[in-house]
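Summary of the model geometry
Letter by letter, the chains look like this.
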Amino acid sequence: MTDPEIKNQLSGYRQSIDNIDAALVHMLAERFRCTKAVGVLKATHNLPPADPAREEYQIDRLRQLARDADLDPDFAEKFLNFIITEVIRHHEAIAADIGGAHENTAA
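Here's what I pulled together on the structure shown here. (Residues numbered from 1 in each chain as written. Predicted model: local features only at pLDDT ≥ 70, side-chain atom pairs only at ≥ 80, totals over all residues. Heavy atoms only, no water.)

1. Some thoughts on the side chain of T35
Applied cut-off: Numbering of helices and strands runs from the N terminus, with a helix taken as a DSSP run of H or I at least four residues long and a strand as a DSSP run of E at least two residues long. Here the term buried applies to any residue with accessible area under 20% of the maximum for its type, exposed to any over 50%, and partly exposed to those in between, with areas from a 1.4 Å probe on protein chains only. In this description, contact between two residues means that some pair of their heavy atoms is separated by no more than 4.5 Å.
Residue placement: T35 occurs in helix α1 (residues 4–44). The exposure class of T35 is buried, given its relative accessible area of 13%. Ignoring any residue separated from it by four or fewer positions in sequence, one finds T35 in contact with V87 and H91.

Written as structure tokens, this is what we have:
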């Protein structure tokens with residue numbers, strides 16, 4: 001059997017990880033609420049769902065933040081790319097919904 005002190009230490013680390021995971025989920029939810037508003041604004045004004053210049057800036061910025069935080073910049077970039085892909089997918093869906101609504105109003 002494992003020493004009770006080690007079990008307690010492991011439990012403490014796991015509780016911290018669980019708390020961080022919960023915070024990450026809430027932060028991602030807030031981020032996607034903001035990007036949804038951006039998607040609606042873009043669709044309403046016929047702007048493209050993707051903004052390559054903004055994406056490149058964000059990747060560079062996040063890589064630097066990762067280096068400053070002693071996190072692997074490649075991991076941070078992969079994570080951001082995953083989020084960007086999902087945001088663009090949402091923006092495309094919003095544009096299709098709003099575009100369809102405009103077509104129905106014009107008829």
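2. A closer look at the packing of aromatic side chains
The condition is simple: Side-chain rings of Phe, Tyr and Trp, where Trp is taken by its six-membered ring, are said to pair if the distance between their centres is within 6.5 Å; with planes under 30 degrees apart they count as stacked, over 60 as edge-to-face, and otherwise as tilted.
For the structure shown, the criterion picks out one aromatic pair. Taking 6.4 Å as the distance between ring centres and 20° as the angle between the ring planes, the aromatic pair formed by F75 and F79 counts as stacked. Of the two residues, F75 and F79 are both situated in helix α3 (residues 73–106); the distance of four residues between them amounts to about one turn of the helix.

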